[in-house]
Amino acid sequence: MPVRRVVCPGSFDPVTNGHLDIVARAALIHDEVIVAVLRNQSKSTLFTVDERTELLREVISKHENVRVQKFDGLIVDFCRANDISAIVKGLRAVSDFDYEMQMAQMNYNQAGVETLFMTTNPLYAFLSSSLVKEFAKYGGDVSGLVPGPVLDALTARISAA
Ligand code: PNS
């Protein structure tokens with residue numbers, strides 16, 4: 001039987017409980033999940049790629065079939081290089097759909113890489129890394145939205161700014 005290895009790609013600046021929910025569910029139905037952290041950002045990030053990766057490693061450590069890797073360039077090239085058959089993405093709302101559909105079709109057109117969409121847990125349908133950062137920056141309580149190590153890292157980064 002071939003290994004069913006999939007990738008959950010993203011910026012993860014920082015990882016939220018919504019991301020973790022998708023990764024955990026993907027890990028239940030595939031042999032291996034690679035969480036791929038995008039390095040070559042055009043947008044500026046609150047956390048460096050090493051910090052984002054380390055936080056992810058810490059919070060996914062209980063899943064034996066999940067590992068975290070950084071990547072540059074196209075996700076389809078990362079898939080080819082790592083023998084990955086599909087990209088797994090969470091879909092929060094209709095607003096996510098257009099762009100996700102476009103990326104999925106481009107990736108299939110260019111490289112034959114499939115994209116599997118999982119519906120986000122309704123508990124996290126509103127959740128994004130950007131909103132978490134904005135609320136945290138202005139003193140909002142995001143403790144129910146991110147794992148403990150991320151909350152600590154956010155608090156430290158914001159108080160240092
Ligand atoms: O968490 P994000 O920023 O919404 O994740 C977007 C990501 C990293 C999944 C997407 O931008 C991506 O796959 N980037 C890698 C570059 C690439 O392959 N671009 C073409 C997509 S069709």
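Residues numbered from 1 in each chain as written. Predicted model: local features only at pLDDT ≥ 70, side-chain atom pairs only at ≥ 80, totals over all residues. Heavy atoms only, no water.

Examining the overall build of the chain
Reasoning step 1: Looking only at helices and strands, the chain features six helices and five strands.
Reasoning step 2: Going from N to C terminus, the chain has its helices and strands arranged as β-α-β-α-β-α-β-α-β-α-α.
Reasoning step 3: The C-alpha atoms of the chain give a radius of gyration of 16 Å, which matches the 15 Å a tight globule of 161 residues would have.
Reasoning step 4: Relative to its full complement of 161 residues, the chain shows a buried share of 42%.
Reasoning step 5: A separation threshold of at least 6 residues defines the contact pool for the chain, and within that pool the share at least 24 residues apart is 75%.
Reasoning step 6: For the chain, the accessible surface area stands at approximately 9,100 Å², while carbon and sulfur atoms represent 54% of it.
Reasoning step 7: Looking at charge distribution, the chain has the averaged site of its 16 positive side-chain charges lying 2 Å from that of its 19 negative ones. (Helix = DSSP H or I, 4+ residues; strand = E, 2+ residues; numbered from the N terminus. Rg over C-alpha atoms; globule rule 2.2 N^0.38 Å. Buried < 20%, exposed > 50% of the residue type's maximum accessible area, 1.4 Å probe, protein only. Contact = heavy atoms within 4.5 Å. Areas by Shrake-Rupley, 256 points an atom, 1.4 Å probe, with all protein chains shown as cover. Lys, Arg positive; Asp, Glu negative; His and termini not counted. Charge placed at Lys NZ, Arg CZ, Asp CG, Glu CD.)

What to know about the pairing of strand 2 (residues 32-38)
Reasoning step 1: In terms of burial, strand 2 is largely enclosed, as six of its seven residues are buried.
Reasoning step 2: Pairing between strand 1 (residues 5-10) and strand 2: six bridges, direction parallel. Each bridged residue has a counterpart across the sheet, and for Val 6 the counterpart in strand 2 is Val 33.
Reasoning step 3: Crossover handedness for the path strand 1 to helix 1 (residues 17-29) to strand 2: right-handed.
Reasoning step 4: In this structure, strand 2 lies alongside strand 3 (residues 66-71), joined through six bridges in parallel fashion. Looking at strand 3, one finds that Ile 34 is bridged to Arg 67. (Pairing = 2+ DSSP bridges. Right-handed = clockwise from strand over helix to strand, strands pointing away.)

Let's talk about the packing of aromatic side chains
Reasoning step 1: Summed over all chains, the structure comprises one aromatic pair.
Reasoning step 2: Centre to centre, the rings of Phe 71 and Phe 78 are 5.5 Å apart; their planes meet at 50 degrees, and the pair counts as tilted.
Reasoning step 3: Under the relative-accessibility criterion, Phe 78 is labelled buried at 8%. (Phe/Tyr/Trp six-rings, centres within 6.5 Å; stacked < 30°, edge-to-face > 60°.)

Some points on the environment of Ala 153
Reasoning step 1: Position of Ala 153 relative to the elements: it lies in helix 6 (residues 148-160).
Reasoning step 2: On the basis of relative accessibility, which here comes to 21%, the residue Ala 153 falls in the partly exposed class.
Reasoning step 3: The sequence separation of Ala 153 and Glu 54 amounts to 99 residues, and the corresponding C-alpha distance is 11 Å.
Reasoning step 4: Those residues in contact with Ala 153 that sit more than four places away from it in its chain are Phe 47 and Leu 55.

A closer look at the site of the ligand
Reasoning step 1: The environment of the ligand is made up of Pro 9, Gly 10, Ser 11, Leu 38, Lys 43, Phe 71, Gly 73, Leu 74, Ile 75, Lys 89, Met 103 and Asn 107.
Reasoning step 2: For the ligand, an oxygen atom lies 2.5 Å from a polar atom in the side chain of Ser 11.
Reasoning step 3: Between the ligand and Ile 75 there is a distance of 2.9 Å, counted from an oxygen atom to a backbone nitrogen or oxygen.
Reasoning step 4: Contact with the protein chains covers 71% of the free accessible surface of the ligand, which is 550 Å².
Reasoning step 5: Taken together, the elements giving at least two residues each to the shell around the ligand come down to strand 1 and helix 4 (94-111).
Reasoning step 6: For the shell around the ligand, the residue count by class is six nonpolar, four polar and two charged. (Near = heavy atom within 4 Å. Polar contact = N/O pair within 3.5 Å; in protein donor to acceptor, adjacent residues only side chain to side chain. Nonpolar A, V, L, I, M, F, W, Y, C, P; charged D, E, K, R; others polar.)

Describing unusual backbone geometry
Reasoning step 1: The linkage connecting Asp 13 with the following residue, Pro 14, adopts the cis geometry, with an omega of 0 degrees.
Reasoning step 2: Inspection of the secondary structure puts Pro 14 in the loop between strand 1 and helix 1.
Reasoning step 3: With a phi angle near 50 degrees, Phe 12 is a residue other than glycine that sits in the positive phi range.
Reasoning step 4: Here Phe 12 lies in the loop between strand 1 and helix 1.
Reasoning step 5: The backbone phi angle of Asp 83 is positive, close to 55 degrees, even though this residue is not glycine.
Reasoning step 6: Among the secondary structure elements, Asp 83 is positioned in the loop between helix 3 (75-81) and strand 4 (86-91).

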